[in-house]
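# Descriptive structure summary
These are the residues of each chain, in order.
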Amino acid sequence: MRISLASILVKDQKKALEFYTHVLGFRKKTDIPMGEHSWLTVVSPEQPDGVELVLEPMGFPPAKVFQEELFRAGIPYTAFQVDDIDAEYQRLLGLGVDFSMEPTQMGPTKIAVFDDTCGNNLQIFQML
Amino acid sequence: MNYFQEHVAALTRQLYAAEDLTERVVFAKGYIDQFYHEPIDLGALAKASCLSKFHFIRVFKRYYGQTPGQYLKEVRIRHAKRLISAGMPAKEAALEVGYSSVSSFHSLYKFLTGKTPGATQKAILENQTS
């Protein structure tokens, strides 16, 4: 058994694709129209054959409540690893990304949290 | 401060109260990250971190989930994989990342990556030609 997909709920797939590719730097892997939405996935350019992140449309109303409460509490929906969090923080700030937590050391890791503009907080972390 | 930030601050205080210890362990990992290709004496590294060897190994494992020796192997093999994927012969890559014995490098490489160095190179070549 292997983990090949992970998903994140997004309010708007088109906007999400824009943010996850042009701002975060991921690449679109699959885009298959399915009714009013798409089966839409992105991958890291560093691991093009690695885990695909599904940008999942909000099709189930209770999920909206869950997402909103998670966002309000500042809890990240998921986390991505980076090699240099301070450089990544500066790069994303320069692109207008809104951070709720600046790079903060927590023992042997450093974490930061930002708004993905699609309803989620995302965390980036570096192993120091 | 939101719920998550408070939670992180509380966890940091609880799990990593000894800041100087964190600094020393992070220093040791940084040393491995930087000098993995040179002979690294873990006893000396423990000493440089002002810790006894056994305490150093225990603390490093608590912070990073593996012993410094295991971590050093992983870093060397990760760099070797990058070199081999870029076309460097396995023997050369082994020396480049700090291994003097090519046979122990081969078995460790396979153990950690699931493939032999030759199979890595073959897969890359096939990917490039397809």
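## Observations regarding the nonpolar core
Grouped together as the largest cluster of nonpolar side chains are 39 residues, with contacts concentrated most on Ile32, Phe56, Phe60, Tyr63, Val97 and Phe105 of chain B. In terms of residue count, the dominant contributor to this core is helix α5 (residues 68–85) of chain B (seven residues). Setting aside anything within four residues of it in sequence, one finds Phe56 of chain B in contact with Ala28, Leu42, Leu45, Ala46, Ser49, Leu51 and Pro68 of chain B. Grouped together as the second largest cluster of nonpolar side chains are 25 residues, Leu17, Leu40, Val97 and Phe114 of chain A included.

## Quick look at the pairing of strand β2 (residues 27–34) of chain A
Bridge count for β2 of chain A against strand β3 (residues 37–43) of chain A is seven bridges, and the pairing is antiparallel. Opposite Thr30 of chain A, over in β3 of chain A, you have Thr41 of chain A as the bridge partner.

## Here's the deal with the pattern of salt bridges
All names here are of chain B. Applying the stated rule across the entire model yields ten salt bridges over all chains. One salt bridge connects Asp33 with Lys29, and the closest N-O pair in it is separated by 3.1 Å. One end of the pair, Asp33, and the other, Lys29, are both in helix α2 (residues 19–35), four residues apart, so they sit about a helical turn from each other. Since its relative accessible area comes to 29%, Asp33 is described here as partly exposed. Under the relative-accessibility criterion, Lys29 is labelled buried at 6%. We note a salt bridge from Lys122 to Glu126, for which the minimum N-O separation is 4.0 Å. On the criterion of helical spacing, the pair formed by Lys122 and Glu126 is a turn pair, its members being four residues apart in helix α8 (residues 117–129). Of the residues examined, Lys122 reaches a relative accessible area of 53% and is grouped as exposed.

Conventions and cut-offs
- Think of each chain on its own: its residues are numbered from 1, step by step along the sequence as written.
- Lettering for chains starts from A, numbering for ligands starts from 1, and both go in the order in which the items are written.
- At least 70 in pLDDT is required for a residue's local features to be given in this predicted model, at least 80 for side-chain atom pairs to be given and counted, and no such filter applies to totals for whole chains, interfaces and linings, which use all residues.
- Side-chain measures were taken over the full set of non-hydrogen atoms in the model, leaving aside hydrogen atoms and water.
- The definition of a nonpolar core used throughout is a set of buried Ala, Val, Leu, Ile, Met, Phe, Trp, Tyr and Cys residues joined through side-chain atoms within 4.5 Å.
- Each residue is assigned to one of three classes by its accessible area relative to the maximum for its type, calculated with a 1.4 Å probe on protein chains only: buried under 20%, partly exposed between the two thresholds, exposed over 50%.
- By definition, any uninterrupted DSSP run of H or I lasting at least four residues is a helix, any uninterrupted run of E lasting at least two residues is a strand, and each is numbered from the N terminus.
- We call two residues contacting when some pair of their heavy atoms lies within 4.5 Å.
- Think of it this way: DSSP has to see at least two bridges between two strands before they count as a pair.
- A pair is scored as a salt bridge if a Lys or Arg side-chain nitrogen falls within 4 Å of a carboxyl oxygen belonging to Asp or Glu.

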